[in-house]
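# Residue-level structure breakdown
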Amino acid sequence: MNKAKIFIVAALAVMLLAGCKKDKVSLNLSDSDVTGTWKKDGTSEYWLYRSDHTGCKYNTDEGFSEDFPSYDYEWSVSGDQLRHETYEQGVPITRTYTVTEISSTSMEREEEVATYKLTKI
Amino acid sequence: MKKGWKIALISLGSLLGLVIVVVAVALWLVFTPAQLTKIVNRVAANYVNAETHFDRVDLTLFKTFPDAGLTIDNVYLVNPVEGAPSDTVAHIGSLTLGVDVKSYLKEKKVIVHQVLLDDVDADLYIDKEGRSNYDVFPKSTDTTKSTFSLDSLPLIDLRKIAVSNLGARLLDEKDGLDTGVEGLDLDIVGSLKEGLVDADVTIDAQAVALNKFTSLDSASSTLEVALQNLTLALNGEGNMDNVEGKLKLGVESGELVLGDKQMINETLQNSKKDLLRMQVPFKADLQKMHIELAESELQLDDYALGLEGDVQLKTAEEPMAVDVALKTDGAWQVAPLLELLPQQYVAFKKDMKELDGKVDLAATAKGTVTDSTMPLIDAKVKLADGRIYMPKSLPYRINRINGDVAARLDLGKGGVSSAKINSLKAHTRNTDVSVKGRVDDLTGDMRVDADVKAVLPLEDAMPMVPDSLKLTADGDADLDIKANFRMSDIKAKAFEKIKADADITLKSLDVMFDTIHAKAPDLHVKMRMPTTVQAGKMADATIVSGELNVEMGKHMKAVLERANIAAVINNPMKEQIAATFDIKVGEGEANIDSMMVSLEALALSGSVRLDSTQKNIIRQYNPNVNLDLHGAVLYMPDLPDAVRLSQLGVAYTPKGADLRKVEVKLGHSDFQLYGTVDNIEQWLDHKALLKGDLNFTSGYADVDQLLNLISGIGSDKDTIEKMREEDNVPKDANPFIVPLDVDVTLHTHIKRCIAFDNDLNDVAGAVTVKDGVAVLDQIGFVCKAATMQLTAMYKSPRPSHLNVALDFHLLDIQIDELIDMIPTIDTLVPMLKDFNGNADFHLVASTYLNARYEPLMSSLRGAAAITGKELTVMDNKSVGQIAKLMGFKSWKEKDNKLVIDSLDVELTALNSIIEVYPFLLNVGKYQICASGMHSLDNKCGYHVELLKNPLMAKIGVDIKGDLSNPKISLGSVRYADYYRPEKQGVVEKQTLELKRQLKEALEAKVR
C-alpha cells in the first residue's frame, strides 16, 4: 500500500509539476514565412531575405540600402531556427536566431543578446 | 666687209669705167646721140657678161656745168638668174658724167669730175649657192672679155657723185638676208683720184629695211629692221685700205623686231624726237677690218651715251672684238626711260605705281665675240633720288634710294657675272636701310653676300607680314644682318646652307601673335646660321631681355626678369621643328588662371621635337628637359597657405620624370621629394596610370592639409558634388577622396606630423595610392608614447561612404589614451574604460565611414585582441556587484583598487554584435573566466565564472540586459575544473585575410 501511495503521490507530483510548466510551442518555419523585407521596430535597420536564400542587412540612417548593404549572408530555416551564414575576413561565421513568433506582417526573434520584433515591409 | 659688197663696188666702178669709155668715144668721134648710143652699146658688150641696153646717150652742158656732160638715159643691166625676183639687175633712169672741158681742150685728156644717177632701181640677188646676179664682169681668166679694175682708171678725178631716188633690194638666200632702200639720195662731194678718196658723203633715205630670216620658205624672221627717214653724213679721207672721218647718222623713226619681240615700243615710235642720232669720229683699216672710234655720241630719243674705243670686225684671221667705253651723258631719269624700253624688259614693274630715280652709268666692254665668248663688261651704276611705290607689297613709298653698284658681266659661255654693292641706301616712312655686299653669279645661281643695316619701327615691317600669320608688332628695331646664301638654297628652303649673322636690338617691343602677347622694354637677339653649337642644326639664337612680359590668352600672365634664352634649331622647312634650348630667368612671376607663381631663379634646358601629327601634347613636343627652380612660391585659391618650393630639380624624358630634389614648405609642413614618375604620356592619353616611386621625407607634416591637396585628383568634381548632395554630406565634412589614374608609392620618413588630430612621431613606411585605393603598408609611428604599426586599405567610392580595412597594432599604450585616440573602441569594448594601465592592442577590422570618418557601425566587422598586465579596475557599481557575488572578500587589495595580474582577451565584431571569447582574468588568488556578447544598441549577455578561489567553490554570474544598467545574477557554472579557454586566433586569421585583400588591390591589373 505504502509503495502504491508513494507511487501515486510521486506520479501526481510529477503530473502536477509537469502541468505547472507551460508547454512551449515551437514554430516550424518555411521559406515563404521569412522571405521578404523586414524592419526592426524602433530602428532604421532592415533585413532582406530573398527567395534564393541570399540576404542582406542595411541601416538607412547610415546611408545603406538594399543595393549597398552593410552585411550580406545566406539564410536558411530549420524548425524555429533562422540561420545566417557569412564569411568575415575569410572566417566563416554562423548566427542562429530563434523565431518565437511569425506572421505575415511581423516576426519576433531572439538574437544574441536580446529579443527583437520586426515588421514586414 | 662682206665679199658681196666688194663685188658690188667693183661692179659699180666697172660700170662707171664703161661710161667713161663712152665719154671718150663721144669726145673723140661723132657727137650724135645715135652713134654714141650705138658705140656704147657695142663697147659695153665687150666689158660685161650681161645684157646691157641704153636708150639714148646725149651730151649736156647745163646739168654738169662747168663740166661737159654725157647723159645716158635708161641704162638697163639684165642678167637672168634662176630664183631672182627680176631678170633686170639694175635700171638707171638717167646716168650723167661730167667731164673736165679745159683738160680735154688743152691736153686732150678725158677727166671725169661728176657722176650723176637719177631714178635708180636695183634688184640684187644671191642664190643659195652664193651666185649673184650682179657679178656681171668677166674674171681675169676670161680672155674673151676685157677686165676692169679701179686701178686702171687714171682719168678719174671725181669731185661729185650724186644719186637721187635710189631704190634697191638685195635678196641673199645664202645668208638669209633681205634688205632694201627706198627713196635714197646720195651726195658725195670731194675727190677720188688715183685711189685716194677725200669726200663728204650725204645720204638721205626715205626707208631702209632689213630682214634676217632662217629660210625663205619659213615665216620665221630672226631680225626685222625698218627705218624711216634716215640721214647719214660721212666726212672722210683715205684710200680703199684706210679711211678716216666722221659719221653722223639720224633715224627719225623705225621698228626693230628680234624674233617675235618688238624692241622699239609704241612710246618710242610716237616720240617727237628722232629715234636715233649718232656722231662717230672714226678711223678704219679696211684691210684689217679694224675701226677706231673717237669720242662719239649715241642718242636714243632723249638719252645720250658717250662712246669711244676700238672695234675689230670679224676676219678670216681674227674674231670680232671690242674695246669700248660708254657712259651716260649726265644722269638719266629712270621713269621716262622705262617708258621707252620694250615691254618684256619692264615687266618687273607691272605692280609698281612708281619707279623713278636718276641713273648714271659708265661701262667698258672688252673682249672677243665668238660662239663661246662675249666681251667682258664692267659697269658702274650710280643711282640717286630713287623712288619705288608697290602698294600691293608695301603700302608706303621707298624714297631716297641712293646706290653705288659696280658690276662685271661675263655673258660668254660659262661666264660668271657679279655685282658689288658699294652702298645702297633707302628710306621709307621712319625706316632707314643700308646694304653693302656683293652678288656673284648674277645670271646663274646668284650668291649673295650682304651686310644689311636698318633702323626701323616694326610697324613699318608689318605690311610684309602675311595676314594669315596673325602677327602684329610695335617697337623699334635696330638690325645688323650679314648674310651669305645662294638663291637656289632659298628656293629649295635649304636654310641650313645659308650663312647669316644677325644682331637685332628691339626697344619697346610689343608683339601680338595669335593669343600670345609679349612686351619687353629692351630685347637683344643674336642669331647665327649655321650654328657651330650643334652639328646638323640650322641656327642658334640667344635672346637677352631685361624684363619680359608674356600673356597667353586670358589664362596666363608672366613677368620674367633677366631672361636669357639660348636655342638651337633645325630647318623647319625640311623637317619637323627640333630645337634645343637653355633658358635662364633671374626672377619671375606668373598668373595661371587663379594661381600665382613667383620665383627667384629658373633654369630650363633641354630639347623638343615637334610632331604635329600627334594629339597627345607630350608626343607633339617630345620634350627632354631639365628644370631647376629656386625660391618659387605658389599661391592657389584652394590653399590657405602658399606652397613654397625652395628647390625643384626635375629631369624629364618621354620615358618619365626624375625628381632629383624637391623641397617644399606648405603651411606648417615641410617635405622633400625625390624619385621617379613614369607613364606621363600614356597617363595624359588616359591609357595608363601615372606611376611614381618617390621618397617623402619631412621634419614636420600636416597630413590633413597635404591630403587635402591631392584629394579628388582624377575624379570628376561635378560627380562628387552630386554625390554629396544626394547623401546630404555636411559642407564642413571634406573627406579624403583617393586620387584616380595614378599608381604612386611614397616611401615616407616623417619626423613629426599631425594626422586626424593626432600627433605622431617617427612615421615611416610605404603609402601607395593606386587608382582609387590608398594602402598604408606597415606604417610605424609613435603616438602618445606608444609604438604603433598600421596597415590599412582605404577607398572612397562616395564621400558619405568611405571604406577602410585596417590592421592596427598598438604596443604598451595607456588604455585611457587608447580610447581617447580611437573612441570607437569604447563602443566595441565598453568595459575597457573600467581598466587602467598599459596594454597591447591589436585590431583588424573593416568598416564604412561617414564623411567625418566616423564608423558606420552596422558595417563594422573585425577582430581585436587586448593583452595587459597589472591593470587596475576602476571602482564602479557593476564591478562591486560582481565582486560581491563572487565573494571577493577583500577585493580592494591594493590601494583600494582591484588589480588584474594579467588579461588576454579576443573579440569579434559582426553585424552589430560584439562577441567576446572566453578569457581568463587572474586577480591574486582568484581566477575568473568571462565570455559573452553585447550589441551596439547596448544590450548584453555575459557570463563570468570564478574558476579558482580560496574557497574552492565555483560560482557563475550572468550579466544581461542593458549595458548601462545590466541585470547581474548568479548563473550556472559552465566551465569544468581547470578550464583553459582556447586561443581563437581570430585576429591572426583576419589579418591574413586583410593582407590577401591588400595584395589583391595592389596587384590588380591596370588599364
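None of these values were measured; they are calculated from a predicted model.

### A short note on helix α11 (residues 717-726) of chain B
Each α-helix turn comprises 3.6 residues. Residues three or four places apart therefore point the same way. Residues and elements named next belong to chain B. Taken as a whole, α11 has its buried residues at Ile 720, Met 723 and Arg 724. Buried residues along α11 cover an arc of 100 degrees about the axis, so they all sit on one side. Opposite its buried face, α11 presents the exposed residues Asp 718, Lys 722 and Glu 725, each directed more than 90 degrees away. Along its buried surface, α11 packs onto β39 (786-798). Within two residues after α11, Asn 728 carries a phi angle of roughly 55 degrees, on the positive side.

### Things to note about the interface of chain A and chain B
With 21 residues of chain A in contact, the opposing surface of chain B contributes 25 residues. At the boundary of chain A with chain B, total buried surface from both sides reaches about 2100 Å², with 56% on carbon and sulfur atoms. At the surface where chain A touches chain B, the tally comes to one salt bridge. In this structure, Arg 95 of chain A and Glu 915 of chain B form a salt bridge, with 3.2 Å as the shortest nitrogen-oxygen distance. Linking chain A with chain B are 11 residue pairs in polar contact (both at pLDDT 80 or more). When residues of the side of chain A that touches chain B are traced back to their parent elements, those giving at least two are β3 (54-59), β5 (81-88) and β6 (91-102) of chain A. In terms of residues, the side of chain A that touches chain B owes the most to one element, β6 of chain A, which gives four residues. For the side of chain A that touches chain B, a count of residues per class yields 10 nonpolar, six polar and five charged.

### Concerning the state of the cysteines
As enumerated under the stated definition, the model contains zero disulfides over all chains in all. You can see Cys 783 of chain B has no disulfide; the closest cysteine sulfur is in Cys 753 of chain B, sitting 9.1 Å from it.

### Digging into unusual backbone geometry
All names here are of chain B. Note the cis peptide between Phe 65 and Pro 66, where omega equals 10 degrees. Tracing the backbone through its elements, the reader meets Pro 66 in the loop between β1 (51-60) and β2 (68-78). The omega torsion of the bond from Met 529 to Pro 530 falls at -10 degrees, within 30 degrees of zero and hence cis. With respect to the helices, strands and loops of the structure, Pro 530 is situated in the loop between β24 (516-529) and β25 (539-552).

### Remarks on the confidence of the model for chain B
Mean pLDDT over chain B works out to 84, with 89% of the residues at or above the 70 mark. Below a pLDDT of 50 lies the segment residues 150-154 of chain B, which in the model reaches three contacts outside its immediate sequence neighbourhood of four places, other chains included.

### Here we look at the pattern of salt bridges
Two side chains with opposite charge may pair up if their charged atoms get near one another. Considering all chains together, one arrives at 37 salt bridges over all chains under this definition. Between Lys 691 of chain B and Asp 743 of chain B there is a salt bridge whose closest N-O contact spans 3.2 Å. On the criterion of sequence distance, the pair formed by Lys 691 of chain B in strand β35 (residues 690-702) and Asp 743 of chain B in strand β36 (residues 742-755) is long-range, its members being 52 residues apart. Of the residues examined, Lys 691 of chain B reaches a relative accessible area of 38% and is grouped as partly exposed. When salt bridges with common partners are traced through the structure, they connect Lys 40, Glu 45, Arg 109 and Glu 111 of chain A into a single cluster.

Reading the values: the criteria
- Residues numbered from 1 in each chain as written.
- Chains lettered and ligands numbered in written order.
- Predicted model: local features only at pLDDT ≥ 70, side-chain atom pairs only at ≥ 80, totals over all residues.
- Heavy atoms only, no water.
- Buried < 20%, exposed > 50% of the residue type's maximum accessible area, 1.4 Å probe, protein only.
- Helix = DSSP H or I, 4+ residues; strand = E, 2+ residues; numbered from the N terminus.
- Arc of directions from axis to C-beta.
- Contact = heavy atoms within 4.5 Å.
- Buried area = accessible area lost by both parts, 1.4 Å probe.
- Salt bridge = Lys/Arg side-chain N within 4 Å of Asp/Glu carboxyl O.
- Polar contact = N/O pair within 3.5 Å; in protein donor to acceptor, adjacent residues only side chain to side chain.
- Nonpolar A, V, L, I, M, F, W, Y, C, P; charged D, E, K, R; others polar.
- Disulfide = S-S within 2.5 Å.
- pLDDT = per-residue confidence, 0-100.

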